[in-house]
Amino acid sequence: MAVSFAKLVPLFQIMLYLTLLLSLNNGTARITSRFIRTEWPSVDIPLDNKVFDIPKGHNAPQQVRITQGDYDGKAVIISWVTPDEMGSSRVQYGKLEKKYDSSAEGTVTNYTFYKYKSGYIHHCLVDDLEYDTKYYYKIGDGDSSREFWFQTPPKIHPDAPYTFGIIGDLGQTYNSLSTLKHYMQSGGQSVLFLGDLSYADRYEYNDVGIRWDSWGRFIEQSAAYQPWIWSAGNHEIEFMPNMGEVIPFKSYLHRIATPYTASKSTNPLWYAIRRASAHIIVLSSYSPYVKYTPQWWWLREELKKVDREKTPWLIVLMHVPLYSSNVVHYMEGESMRAVFESWFVHSRVDFIFAGHVHAYERSYRISNIHYNFTSGDRYPVPDKSAPVYLTVGDGGNQEGLAGRFLDPQPNYSAFREASYGHSTLEIKNRTHAFYHWNRNDDGNKVTTDSVVFHNQYWSNNLRRRKLKKNHLKPRVKVC
């Protein structure tokens, strides 16, 4: 194994990765970090801070962000808000800076929340793009127009390398800003976002919409230049009958676009995409998912479409963890686990990322699919076919950290720490990926939990495939 990594990392890193990998496989190195950091106060950044600056110019586009716009990564959805009047919904784009030889027309929507009236929210699909290509784009009118760029992913291929960032429960505090700045230095090419975006629901009346606007300007520094793949959390529900607002996800569904129809989903809250060598499934923890519901039917069919020969890395995103040893929100994901865990094990899902708990935790590969109230194992057991469960709900929001873990640490828990941060998943090829959780350590990014993961599909089939290729060739009968 050391030889195969020699071209990828220095020798001392090889030893570190091997040590971590052996710990992961043998289950002998459960860690509860006792690190305590001096954190910034868990309060939202004041609205007059420069991170929320409104772009100059009359009706200038703001809150610019992009997400994947199709199933396979050859399209983006570009979204933005014009605050004063509708303006143009056109996106001009091209491969050379300030030379835009193509254009696309988008749609416009707006909404009210209590007495707040949103700006004009634009969503524009730009499709038929080339893989692995840098595109420049321009939105807005006249002197108020703005220019950005993005990079399309490599073509779908089992060995396509790609780096994802993983962020959850971000909010708009100084800790949130630290997380965002650290992620932007990580080399990540796209964000997998695990729900709980703006935390605007912690406000009342018109301030709810105002804090959605400030958050949109806050993340623009990253989200205008690379796709953020969205999932929704409980703070997007915004059920506020005292204000006459009873439609769940009202602000989220108006502001956040997803390519749900490309995966034949009937709802923007659950969908799937393929990107580079990964197949990514987004689930909704707060939509019906029991047997025969639309989300249940959709996931059953989507798992059948996964082709590990083309996209070997199978990743699931959701908001509520299925496994967590934190006291906060303990076992809130149990009902979804009971419905879907056997599917995840059977499909050999590589990773399940969740947020919700404001801390970090990584599990071993375990399952609890044999317990049926009357027989079978009562507790999670090691299972090489099971996913690794990762809770990354530590983006920095104003509710603060969830610092109380169950004691003693359960056998299924490999590493846990209550600190702010983000993760990166560096897919190297069809067989290996490097995973890092990076702590925000008093303003510095500190890689605290690092693991080399084997792909669930290819690691179990590699020897058999080599045998089939090299030895099981047609034999010629000699008479």
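Within each chain, residue numbers correspond to sequence positions counted from 1 in written order. Side-chain atom pairs in this predicted model are given and counted only at pLDDT of 80 or more, local residue features only at pLDDT of at least 70, and totals for whole chains, interfaces and linings cover all residues. Each side-chain value is derived from all of the structure's non-hydrogen atoms; neither hydrogens nor water enter the calculation.

(A) The arrangement of the overall build of the chain in detail. Assigned secondary structure in the chain consists of eight helices and 26 strands. Working definition: with a 1.4 Å probe on protein chains only, accessible area under 20% of the residue-type maximum means buried, over 50% means exposed, and in between means partly exposed. Looking at the chain residue by residue over its 479 residues, the buried ones come to 57%. As displayed, the chain has an accessible area near 21100 Å², and 52% of this comes from carbon and sulfur atoms. Segments assigned H or I by DSSP are reported as helices when at least four residues long, segments assigned E as strands when at least two residues long, and all are numbered from the N terminus. Accessible areas in this description were obtained via Shrake-Rupley with a 1.4 Å probe; residue shielding takes into account the shown protein chains only.

(B) Highlighting the sheet that holds strand S4 (residues 90-94). Two strands pair under a simple rule: DSSP has to find at least two bridges between them. Judged by pairing direction, the sheet is antiparallel, and its four strands sit side by side in the order S5-S4-S10-S11 without closing on themselves. Strands with a single pairing partner mark the edges of an open sheet, and in this sheet they are strand S5 (102-105) and strand S11 (146-151). Ignoring which end each strand starts from, the neighbouring axes of this sheet average 25° apart. Relative to strand S10 (residues 134-139), S4 runs antiparallel, the two being bridged by four bridges. Lines fitted to the C-alpha atoms define the axes, with helices restricted to the stretch that makes contact. Angles between their N-to-C directions range from 0 to 180 degrees.

(C) Structural detail: helix H6 (residues 294-305). With twelve residues, H6 should reach 16 Å at 1.5 Å per residue; the first-to-last C-alpha distance of 17 Å fits that figure. Three or more residues of H6 are buried, namely Gln295, Trp296, Trp298, Leu299, Glu302 and Leu303. For H6, the angular spread of buried residues about the axis comes to 165°, placing them on one side. Two residues form a contact once any of their heavy atoms are found within 4.5 Å. Of the surrounding elements, those touching the buried residues of H6 are strand S15 (271-275), strand S16 (278-282) and helix H7 (334-346). Multiplying 1.5 Å by the residue count of a helix minus one yields the expected span of that helix. Directions pointing from the helix axis toward each C-beta atom define the arc.

(D) Focus on the packing of helix H3 (residues 174-184) against helix H4 (residues 206-223). Two elements in contact, H3 and H4, have axes whose closest approach is 10 Å; the angle formed by their N-to-C orientations is 15°. One element, H3, and the other, H4, form an angle in the roughly parallel class. Once H3 is placed against H4, the crossing between them reads as left-handed. In this structure, H3 contributes Ser176, Leu177, Leu180, Lys181, Tyr183 and Met184 to the contact, and H4 contributes Phe218, Ile219, Gln221 and Ser222. In this classification, the charged set is Asp, Glu, Lys and Arg, the nonpolar set is Ala, Val, Leu, Ile, Met, Phe, Trp, Tyr, Cys and Pro, and all remaining amino acids, among them Gly, are polar. Among the residues forming the contact of H3 with H4, the class breakdown is six nonpolar, three polar and one charged. For classification, angles of less than 35 degrees are called roughly parallel, those exceeding 145 degrees roughly antiparallel, those between 65 and 115 degrees roughly perpendicular, and all remaining angles oblique. Throughout, a crossing is termed right-handed when the near helix is turned clockwise from the far one, and left-handed when it is turned anticlockwise from it by less than a right angle.

(E) Structural context of the packing of aromatic side chains. Two rings belonging to Phe, Tyr or Trp (six-membered ring only in the last case) form a pair when the distance between their centres is within 6.5 Å. Interplanar angles under 30 degrees mark stacking, angles over 60 mark edge-to-face geometry, and anything in between is tilted. Within the structure shown, the criterion is met by 35 aromatic pairs. Measuring from ring centre to ring centre gives 6.2 Å for tyrosine 289 and phenylalanine 340, while their planes differ by 50°; the resulting arrangement is tilted. Placement of the pair is tyrosine 289 in the loop between S16 and H6 and phenylalanine 340 in helix H7, with a sequence separation of 51 residues. A residue is classified by how much of its surface remains accessible, and tyrosine 289, at 12% relative accessible area, is buried. Ring geometry for phenylalanine 353 versus tyrosine 435: centroids 6.3 Å apart, planes at 35°, classification tilted.

(F) Representation of H4 within the structure. For H4, with 18 residues, the first-to-last C-alpha span of 25 Å sits near the 26 Å given by 1.5 Å per residue. In terms of burial, H4 is largely enclosed, as 14 of its 18 residues are buried.

(G) Here's a closer look at the side chain of serine 118. Along the chain, the position of serine 118 falls in the loop between strand S8 (116-117) and strand S9 (120-126). Since its relative accessible area comes to 7%, serine 118 is described here as buried. The contact partners of serine 118, leaving out residues within four places of it in the chain, are Asn110, Tyr111 and Arg255.

(H) How the structure looks around a nonpolar patch on the surface. A cluster of nonpolar side chains, Phe239, Val246 and Ile247, forms an exposed patch at the surface whose accessible area comes to about 300 Å². Positionally, valine 246 belongs in the loop between strand S14 (228-229) and helix H5 (250-255). In this structure valine 246 comes out as partly exposed when scored by relative accessible area, which is 44%. Grouping into patches uses exposed residues only, defined as over 30% relative accessible area, and leaves out salt-bridged ones; the cut-off is 9 Å for like charges and 5 Å for nonpolar side chains (Val, Leu, Ile, Met, Phe, Trp, Tyr). Salt bridge, as applied in this entry: a Lys or Arg side-chain nitrogen positioned within 4 Å of an Asp or Glu carboxyl oxygen.

(I) Region of the structure containing the pattern of salt bridges. One pass over the full model with this rule turns up 18 salt bridges. Where aspartate 350 meets arginine 308, a salt bridge forms, and the shortest distance between an N and an O atom there is 2.9 Å. Of this pair, aspartate 350 sits in the loop between H7 and strand S18 (351-354) while arginine 308 sits in the loop between H6 and strand S17 (313-317); the two residues are 42 residues apart in sequence, bridging distant segments of the chain. Judged by relative accessible area, which is 0%, aspartate 350 ranks as buried. Measuring nitrogen to oxygen at the nearest pair gives 2.5 Å for the salt bridge that ties glutamate 341 to arginine 337. Here arginine 337 and glutamate 341 lie together in helix H7, a separation of four residues that amounts to about one turn. As far as burial versus exposure is concerned, glutamate 341 and arginine 337 are alike and both buried. One network of salt bridges, in which partners are shared, links Arg300, Glu301 and Lys304.

(J) Broad picture of the sheet that holds strand S1 (residues 31-32). Read from one edge of the open sheet, eight strands run S1-S23-S19-S22-S18-S17-S16-S15, paired in mixed fashion. Unpaired on one side and paired on the other, S1 and S15 mark the two borders of the sheet. Pairing between S17 and S18: three bridges, direction parallel. Counted as the bridge partner of isoleucine 315 is phenylalanine 351 from S18. In this fold H6 packs onto S15 and S16, with an angle of close to 175° to the strand it touches most, S16.

(K) Region of interest: the packing of H6 against H7. For the pair H6 and H7, interaxial distance at closest approach is 11 Å and the crossing angle is 5°. By the criterion of interaxial angle, the relationship of H6 to H7 is roughly parallel. The residues of H7 that touch H6, namely those facing Trp296, Leu299, Arg300 and Leu303, are Val339, Phe340, Trp343 and Phe344. Its residues assigned to classes, the contact of H6 with H7 comprises seven nonpolar, no polar and one charged.

(L) Structural view of the confidence of the model for the chain. A residue's pLDDT is simply how confident the predictor is in it, with values from 0 to 100. Mean pLDDT for the chain: 90, with 88% of residues reaching 70 or above. A low-confidence stretch, residues 1-28 (pLDDT under 50), is modelled with 31 contacts involving residues beyond four sequence positions or located in other chains. Considering only residues more than four positions removed or in separate chains, one finds that residues 471-479, a stretch of pLDDT under 50, has two contacts.

(M) Just the pairing of S17, in detail. S17 sits mainly inside the fold: five of its five residues count as buried. A two-sided burial pattern is seen for S17, the buried positions comprising Trp313, Ile315 and Leu317 on one face and Leu314 and Val316 on the other. For S16 and S17, the ladder comprises five bridges, and the chain directions are parallel. Residue pairing in the sheet places histidine 279 in a bridge with leucine 314 of S17. In terms of handedness, the path from S16 via H6 over to S17 forms a crossover that is right-handed. Handedness of a crossover is defined as follows: orient the strands so they point away from the viewer, and if the path from the first strand over the helix to the second runs clockwise, the crossover is right-handed. For the crossover from S17 across H7 to S18, the handedness is right-handed.

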